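Reading the structure
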There are 2 protein chains.
Amino acid sequence: MIEEEVLKRIKPDDVERHKLEKILSNVMDRLKGYEAEVEGSFRKGTWLKGDTDLDVFVFFPKEVGKEYLKEMAIKELVSRFSDYNYTIAYAEHPYLMLDVEGVEVDIVPALKVLSGSEAVTAADRTPFHTRFVTQHLDEKGKDEVRLLKRFLKGIGAYGAEIKVQGFSGYVSELLIIHYETFKNTLAEASKWVPPVKVYFTEPAREFTEPLQIPDPVDPRRNAASAVSMEKLGLFSLASRYYLKEPSMEFFFPKEPHYDKIKGDILLVNVILEENVVEDILWGQVWRNVDKIRNILTERGFRVIDISAWGNNEKLTIAIQLESKDIGKYYLNIGPYFYQWESIDNFVRKNENIWIGRDGRLYSIKERKETDVTEIVKSNLSFKHKFKLELEWVKEVKGDPCLMRFLRKSPPWLK
Amino acid sequence: MIEEEVLKRIKPDDVERHKLEKILSNVMDRLKGYEAEVEGSFRKGTWLKGDTDLDVFVFFPKEVGKEYLKEMAIKELVSRFSDYNYTIAYAEHPYLMLDVEGVEVDIVPALKVLSGSEAVTAADRTPFHTRFVTQHLDEKGKDEVRLLKRFLKGIGAYGAEIKVQGFSGYVSELLIIHYETFKNTLAEASKWVPPVKVYFTEPAREFTEPLQIPDPVDPRRNAASAVSMEKLGLFSLASRYYLKEPSMEFFFPKEPHYDKIKGDILLVNVILEENVVEDILWGQVWRNVDKIRNILTERGFRVIDISAWGNNEKLTIAIQLESKDIGKYYLNIGPYFYQWESIDNFVRKNENIWIGRDGRLYSIKERKETDVTEIVKSNLSFKHKFKLELEWVKEVKGDPCLMRFLRKSPPWLK
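Residues numbered from 1 in each chain as written. Chains lettered and ligands numbered in written order. Predicted model: local features only at pLDDT ≥ 70, side-chain atom pairs only at ≥ 80, totals over all residues. Heavy atoms only, no water.

Section: the overall build of chain A
Broken down by element type, chain A carries 13 helices and 16 strands. Seen through its C-alpha atoms, chain A measures out along the principal axes to roughly 80 × 50 × 50 Å. Within the span of chain A, comprising 414 residues, buried residues form 54% of the whole. Of the contacts formed within chain A by residues at least 6 apart in sequence, a portion of 65% connects residues at least 24 apart. Put simply, chain A shows about 19100 Å² of open surface, and 48% of that area lies on carbon and sulfur atoms. Separation of charge centres in chain A, based on 63 positive and 67 negative side chains, amounts to 4 Å. (Helix = DSSP H or I, 4+ residues; strand = E, 2+ residues; numbered from the N terminus. Buried < 20%, exposed > 50% of the residue type's maximum accessible area, 1.4 Å probe, protein only. Contact = heavy atoms within 4.5 Å. Areas by Shrake-Rupley, 256 points an atom, 1.4 Å probe, with all protein chains shown as cover. Lys, Arg positive; Asp, Glu negative; His and termini not counted. Charge placed at Lys NZ, Arg CZ, Asp CG, Glu CD.)

What follows is the structure, given as structure tokens:
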């Protein structure tokens, strides 16, 4: 059976478990005197084999305040691990990232609060999530979470970061707690019509997102606020197709070979020349994608699809058009002949004017810019230093991201 | 003053009047024994200098019926004019067309009825129109009609035939009878918002056309039913511009020289190989124009304008596109991910499928036909034998119709 086979591949073995426990025990030793706690999927027992970070949260009194975490707390923590291989990373506030025997260990400073709803930063809420999940998931449930996570990864809907806008680990856990099994979660998801409401408790305010799961530890918050309509739909569609015909492709999709170029495809390679936090970068990437799509459409181009991939060093925005060639002139629709106030102005500003069969005035206008690369170059913007390289796709040399962009259909769909 | 100058050019002189009267008197002599009557603009005194046919109607008892007019009546009439230069022409039913000293004299058989509302054919109604107009127009009024007719001719809105879909002579006369002067008619027309109602009497049924003038001799009929929204708008717009700045251009427009080709223009020359009545032909032409516009738009082309000109031997349909080049592939919009009933079918029929940011499924489709000339050739249809010659406009060799099509703006507008 598919799911058993998947579990065999994703359920960690004792060797891995012992190794991670030993690493953690060393790290915790270094944190003596602090109120430190292991969080994350390892603690909750829902991590996937060979695919986890370790999260250790260090709690400071609420009174020291958010600012203390950013400056002093980090310095304190660094002093405990100065002989480790470490870097300082940035999310909502900075944290310490250790590399221990190839395993990433994140040491995250947080404020100690009495309940999830008192959290000042997102990190303060984490121990309450950990508690809720460990209290509601038994061993069987943990495997169900693993299946769901692997499924979401396989279809490309896993991850709450802005780049993905999909399902977080916590949301995966909440879904299994709510629907009990992987199969049942898929059965429910296959029937979803947005807005989808998954309620442990009533929400403490109104949500607007397509997937609405009031956080059981803080019902003012939508635990699934990151999930976009696209990723919700992707999960729902994949659920239906999996239930119809289960296959390993959902969990471990093969990279398809696909090299048929349809339409004209412009690859915009953006080389970042400054260090940027991923979430900040991808916020900008998707805003640029929207902007480019709107501007090209407004200028008369027919956009088939725009997407982006890559990392914070080099990323690619791929723009697929029905055609990069467009007429120099276009039809301009004016007022009706009896809209006298607008007509003077229309006649003054236009040439080649006539009255159409519907009684409207029309004219022919000239497009100012018909070169897609120029339009893209002058409209892309990032808050960080970057360099652009643009190229029209002529042949496909096996880049899997480009091949996925060309093929579009997920392997499990068609 | 402009209007006086125009009148000088369009008001017939005594030489012309005497010549036409002499022709008519000879024709009437030949019709002795019939109940014959002169109708038309000559009889009403509203014809333009050097620009008239003569209309003689011959009335048969109502009891002989419509069919008699088509067959026997024509034969009878022909026998009276067999030594004339004549042809048999066709409108609603056949009539005799004489060429007398370069003047066209139409001998039209009609049924004698007691009132306009009892008319069996349009011709039967004509004497009542003649009576109404002669009773309501004085000498001054006739000149006002002449100015209006010349104005309508100048702007291209004169003629109720299907080719033009504009204002008939009778509608011009009714407008002057209603609004009294040329200037006042323009002042009213410049304020028109469709549907425009010009009432001598209440209509005897509901009209749907943009200009509604219940025929005073038969109020079930809209005397202005031929006037299209386009020609109504053209007249209204021209009226406003004339009142702002009167000029001879409205009455006697100069043919502009214009040779700038914007977009891609396909000329479809249709050579008719059978004789076709103009109204029948132009009904087909405009249906073809609409069909070609719809099909090209549906196939993804951007149509700037389509028009047609010519006669029943050779006519030209001009198709102006933003570009004749179009991508081989296009974006196809599918159902939302939760419209399960439609999705199976969509997935089966499509390839390159993905879920968009709005939760809809999209795919890429291939255009079956991207050659405009092929699309046009396989979609044009006439009920008569014809031959096609298609050519993309590369240079303009001074054809005034083509130059007008290229320029579009009437000379009085811009």
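There's more to say after this.
As for the interface of chain A and chain B
Each partner contributes to the interface: chain A provides 59 residues, whereas chain B provides 59 residues. Between chain A and chain B, roughly 5100 Å² of surface is buried when both sides are summed, and carbon and sulfur atoms account for 57% of that area. The three residues of chain A that bury the most area against chain B are Tyr329(A), Phe337(A) and Arg357(A), which together make up 14% of that side's buried surface. Our count for the contact surface shared by chain A and chain B stands at eight salt bridges. The residue Glu351(B) makes a salt bridge to Lys262(A) at a minimum N-O spacing of 3.3 Å. For the interface between chain A and chain B, the tally reads 34 residue pairs in polar contact (both at pLDDT 80 or more). The biggest single contributor to the side of chain A that touches chain B is helix H9 (residues 229–244) of chain A, with ten residues. Classifying every residue of the side of chain A that touches chain B by side-chain character gives 28 nonpolar, twelve polar and 19 charged. (Buried area = accessible area lost by both parts, 1.4 Å probe. Salt bridge = Lys/Arg side-chain N within 4 Å of Asp/Glu carboxyl O. Polar contact = N/O pair within 3.5 Å; in protein donor to acceptor, adjacent residues only side chain to side chain. Nonpolar A, V, L, I, M, F, W, Y, C, P; charged D, E, K, R; others polar.)

What to know about helix H1 (residues 2–10) of chain B
Residue and element names in this part refer to chain B. Among the residues of H1, those classed as buried are Glu 3, Val 6, Leu 7 and Ile 10. Along H1, the residues classed as buried sweep out an arc of 100 degrees about the axis, all on the same side. Pointing more than 90 degrees away from the buried face of H1 are the exposed residues Glu 4 and Lys 8. As for H1, its buried residues are in contact with helix H6 (139–155), helix H8 (182–189) and helix H9 (229–244). (Arc of directions from axis to C-beta.)

Details of the UniProt feature "domain: tRNA nucleotidyltransferase substrate binding" (unreviewed entry) in chain A
Under the UniProt annotation, the feature "domain: tRNA nucleotidyltransferase substrate binding" (unreviewed entry) is placed at residues 143–252 of chain A. With 44% helix and 10% strand, residues 143–252 of chain A has end C-alpha atoms that lie 17 Å from one another. (UniProt positions renumbered as here; feature names shortened; annotations may be inferred.)

Brief notes about the sheet that holds strand S14 (residues 351–355) of chain A
Residues and elements named next belong to chain A. As summarised here, the arrangement of the three strands in space is S13-S15-S14, forming an open sheet in which the pairing is antiparallel. Strands at the two margins of the open sheet, each flanked by one partner only, are strand S13 (329–336) and S14. Between one strand axis and the next, the sheet turns by 25 degrees as a mean value, whatever way the strands run. Alignment of S13 against strand S15 (residues 360–366), held across six bridges, turns out to be antiparallel. By the bridge assignment for S15, Tyr 329 is matched with Glu 366. (Pairing = 2+ DSSP bridges. Axes fitted to C-alpha atoms, helices over the stretch in contact; angles between N-to-C directions.)

Focus on the UniProt feature "binding site: ATP" (unreviewed entry) in chain A
Residues and elements named next belong to chain A. In the numbering used here, UniProt assigns the feature "binding site: ATP" (unreviewed entry) to Ser 41, Lys 44, His 129, Lys 149 and Tyr 158. The topology assignment puts Ser 41 in helix H3 (residues 40–44). Judged by relative accessible area, which is 18%, Ser 41 ranks as buried. Those residues in contact with Ser 41 that lie beyond four places of it in its chain are Thr 46, Trp 47, Thr 52 and Lys 149. By the secondary structure assignment, Lys 149 is in helix H6 (residues 139–155). Judged by relative accessible area, which is 5%, Lys 149 ranks as buried.

Quick notes on the environment of Leu380(A)
Residues and elements named next belong to chain A. Looking at the element boundaries, Leu 380 is found in the loop between helix H12 (372–379) and strand S16 (386–392). Separated by 122 residues in sequence, Leu 380 and Tyr 258 have C-alpha atoms that sit 29 Å apart. Non-local contacts of Leu 380, meaning those with residues more than four positions away in its chain, are made with Val 268, Asn 288, Ile 292, Ile 317, Phe 386 and Leu 388.

Some words on the pairing of strand S14 (residues 351–355) of chain B
All names here are of chain B. Burial runs high along S14: four of the five residues are buried. Two elements, S14 and strand S15 (residues 360–366), share three bridges in a ladder whose sense is antiparallel. Residue pairing in the sheet places Trp 354 in a bridge with Tyr 362 of S15. Between S14 and the antiparallel strand that follows it, S15, lie four residues; Gly 359 among them carries a positive phi value of about 85 degrees.

Some words on the packing of aromatic side chains
Across all of its chains, the model carries 52 aromatic pairs over all chains by this definition. Relative to Phe59(B), the ring of Phe57(B) lies with its centre 6.4 Å away and its plane at 35 degrees, an arrangement referred to as tilted. A relative accessible area of 10% means that Phe59(B) is categorised as buried. One aromatic cluster is present, formed by Phe151(A), Phe167(A), Phe182(A), Trp192(A), Phe235(A), Tyr241(A), Tyr242(A), Phe250(A), Phe251(A), Trp412(A) and Trp340(B) through successive ring pairs. For Lys408(B), the ring lying beneath its charged end belongs to Phe405(B), and the centroid distance is 3.8 Å. (Phe/Tyr/Trp six-rings, centres within 6.5 Å; stacked < 30°, edge-to-face > 60°. Lys NZ or Arg CZ within 6 Å of the ring centre and 35° of its normal.)

Some details on the sheet that holds strand S11 (residues 303–310) of chain A
Residue and element names in this part refer to chain A. Across the sheet, four strands lie side by side as S11-S12-S10-S16; this open sheet has antiparallel pairing. Every other strand in the sheet has two partners, leaving S11 and S16 as the edge strands with one partner each. Here the strands of the sheet are splayed against their neighbours by 15 degrees on average, with no regard to which way each runs. Of the pairings in the sheet, the one linking strand S10 (residues 264–272) to strand S12 (residues 314–321) comprises eight bridges and is antiparallel in character. Looking across to S12, one finds that Leu 266 is bridged to Ile 319. Helix H13 (residues 400–407) contacts S10, S11 and S12 of the sheet and is inclined by roughly 155 degrees relative to S11.

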